[in-house]
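Listed below, chain by chain, are the residues.
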Amino acid sequence: LKEEIKPPPPSPQVGKVAAPSAVQPSTPKPSVPPPRRAPPAAPVGEDRKEVIKGIRKAMVKTMTEANNIPTFGYDDEVDMSRLVELRNDIKVVTTEMGIKFSYMPFIIKAVSLALHEYPILNSSVDSTCENITYKAAHNIGIAMDTPDGLIVPNVKNAHSLSVYEIAMELNRLQSLGNAGKLSQTELTGGTFSLSNIGVIGGTYARPVILPPEVAIGALGKIQVLPRFDENGNIKKTHVMCVSWSADHRIIEGACMARFSNLWKQYLENPGMMLLHLR
Ligand code: CAO
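So, a few notes on the structure that sits alongside this text. Quantities reported herein were computed from a predicted structural model and do not represent experimental measurements. (Residues numbered from 1 in each chain as written. Predicted model: local features only at pLDDT ≥ 70, side-chain atom pairs only at ≥ 80, totals over all residues.)

## Quick look at the overall build of the chain
And step 1. Counting its regular elements, the chain contains 8 helices and 11 strands.
And step 2. For the chain, the residues scored as buried account for 27% of the 278 residues in total.
And step 3. The contacts of the chain with a sequence gap of at least 6 include a subset with a gap of at least 24, amounting to 65%. (Helix = DSSP H or I, 4+ residues; strand = E, 2+ residues; numbered from the N terminus. Buried ≥ 20, exposed ≤ 12 C-beta atoms within 10 Å, placed from the backbone. Contact = placed C-beta atoms within 7 Å.)

Take a look at the structure:
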């Protein structure tokens, strides 16, 4: 005889508490506060006072002055993939020629080409903001992190220099800067500035304009990131962020954005720069 198999009787619920998930909607777990960081170690020895002088003193003056200027900020990202490829192609030759060829010469040339279209970004204003002077030369200031601190020598007449000549001048300024030997000529007369903080790291920044200049750009680190191509496929892309700051008393946001678009076009399609070679 076959014994009839019956399902086991339901277990008695009396006196048992049903599992919460069975009868109630799940409630969020109480958030656990992150572990506290250990307090910083107490300073050893005594406090140290230092007189602010030299390059840092100059920075106090310029930055305090800049802080009185209403500034507009505009950020974007640039696809540097083609430029990365181009630089790799020419790096062997330029190294043999004894020239360090970074991305900066292309970035400076692209700035100069875009300034031709938007000359107000290469202007200066007087202290009472009553007159704008459109500068004839493109003297592009480059923020340099040197053993003496932050200095901003400028590449004079970038508009009339080739990318190669800009690279040579940048090499010269960098060696002088590192040796603390830049002269007043190299440190004054800038008309527009760039700060390549991306050499150290980071994406976006908030650069401070150097009066009487009216605009500055900060470049972030070139990173390999996934982006979509025109067909919707993911592609490996060398992305660099840029952060512009401009004097909003005379520069409209739309002008800064159009300038940035043009500059970006040159960097994303470096071949376009060839059209303007003399
Ligand atoms: N992202 C990734 N790599 C970068 C880069 C970026 N944005 N910019 C430069 N690099 C690379 C260069 O290609 C170079 O690599 P290789 O050795 O393979 O050629 C390397 O980093 C070092 O570059 P570099 O510093 O010698 O040359 P540069 O022309 O790019 O920059 C300078 C020159 C003077 C702008 C830079 O050295 C510097 O001092 N930057 C700091 C600026 C700063 O402090 N700004 C803050 C101002 S506000 O306080």
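Anyway, onward from the coordinates.
## Observations regarding the nonpolar core
And step 1. With 48 residues, the main nonpolar core has Ile-107, Ile-108, Ala-110, Val-111, Ala-215 and Leu-267 as its most contacted residues.
And step 2. At the level of elements, α4 (104–117), β4 (140–142), α5 (163–178), β8 (192–195), β9 (215–219), β11 (234–247) and α7 (253–268) are the ones that each hand at least two residues to this core.
And step 3. Counting residues per element, this core draws most heavily on α4, which supplies 9 residues.
And step 4. Apart from the residues lying within four places of it in its own chain, the contact partners of Ala-110 are Trp-263, Tyr-266, Leu-267 and Met-273. (Core = buried A, V, L, I, M, F, W, Y, C linked by C-beta atoms within 7 Å.)

## A closer look at the pairing of β11
And step 1. Both strand β1 (residues 71–79) and β11 contribute to a ladder of 9 bridges, which runs antiparallel. Its bridge partner lying in β11, Asp-79 is registered against Val-239.
And step 2. Across 5 bridges, β9 lies against β11 in antiparallel orientation. The partner of Ile-216 across the bridge, within β11, is Ser-245.
And step 3. In this sheet, β11 lies alongside strand β10 (residues 223–228) in antiparallel orientation, the contact comprising 6 bridges. Across the sheet, the residue bridging to Gln-223 is Val-239, located in β11.
And step 4. Remark: 5 residues form the turn of the hairpin made by β10 and β11, two consecutive strands paired antiparallel; Gly-232 in that turn has positive phi of roughly 85°. (Pairing = 2+ DSSP bridges.)

## Let's talk about the site of the ligand
And step 1. Taken together, 20 residues surround the ligand, and among them Ser-102, Met-104, Asp-145, Gly-198 and Ile-222 come closest.
And step 2. Residue assignment for the shell around the ligand shows that the elements contributing at least two residues are β5 (144–146) and α5.
And step 3. Along the lines of polarity and charge, the residues of the shell around the ligand split into 13 nonpolar, 5 polar and 2 charged. (Near = placed C-beta within 6 Å. Nonpolar A, V, L, I, M, F, W, Y, C, P; charged D, E, K, R; others polar.)

## Structural notes on the packing of α4 against α5
And step 1. One way to put it is that α4 packs onto α5 with a least axis distance of 8 Å and a crossing angle of 120°. Put simply, α4 runs oblique to α5. Crossing handedness for the pair α4 and α5: right-handed. Here α4 contributes Met-104, Pro-105, Phe-106, Ile-108 and Lys-109 to the contact with α5, which in turn contributes Val-163, Ile-166, Ala-167 and Leu-170.
And step 2. Across the contact of α4 with α5, the residue classes tally to 8 nonpolar, no polar and 1 charged. (Axes fitted to C-alpha atoms, helices over the stretch in contact; angles between N-to-C directions. Parallel < 35°, antiparallel > 145°, perpendicular 65-115°, else oblique. Left-handed = near helix turned anticlockwise from the far one by under 90°.)

## Topic: unusual backbone geometry
And step 1. With an omega of 10°, the peptide bond running from Pro-211 to Pro-212 counts as cis.
And step 2. Here Pro-212 is to be found in the loop between β8 and β9.
And step 3. Although it is not a glycine, Cys-129 sits at a positive phi angle of roughly 55°.
And step 4. Mapped onto the elements, Cys-129 comes out in the loop between β2 (123–125) and β3 (132–134).
And step 5. On the basis of neighbour count, Cys-129 is assigned to the exposed category, with 12 C-beta atoms found within 10 Å.
And step 6. Backbone geometry at Asn-157 places phi at a positive 55°, although glycine is not the residue there.
And step 7. By secondary structure assignment, the location of Asn-157 is in the loop between β7 (154–155) and α5.

## Some words on α4
And step 1. The first and last C-alpha atoms of α4 sit 20 Å apart over 14 residues, in line with the 20 Å expected at 1.5 Å per residue.
And step 2. For α4, every residue scored as buried is listed here: Met-104, Pro-105, Phe-106, Ile-107, Ile-108, Lys-109, Ala-110, Val-111, Ser-112, Leu-113, Ala-114 and Leu-115. (Expected span 1.5 Å × (residues − 1).)

## Description of helix α3 (residues 81–96)
And step 1. For α3, which comprises 16 residues, the first-to-last C-alpha distance of 24 Å matches the rise-based estimate of 22 Å (1.5 Å per residue) to within 8%.
And step 2. Within α3, the axis deviates most sharply at Ile-90, by approximately 40°.
And step 3. In the segment just after α3, Gly-98 is the residue with positive phi, at about 80°. (Bend = angle between axes of the 7 residues up to and from the residue.)

## Some details on the packing of α4 against α7
And step 1. Following both chains from N to C, one finds α4 and α7 inclined at 135°, their axes separated by 9 Å at the closest point. Considering the angle they form, α4 stands oblique to α7. By crossing handedness, the relation of α4 to α7 is classed as right-handed. For the pair α4 and α7, contact is made by Phe-106, Ile-107, Ala-110, Val-111, Leu-113, Ala-114 and Glu-117 and by Phe-259, Leu-262, Trp-263, Tyr-266 and Leu-267, respectively.
And step 2. Across the contact of α4 with α7, the residue classes break down as 11 nonpolar, no polar and 1 charged.

Nothing here speaks to function; it is all geometry.
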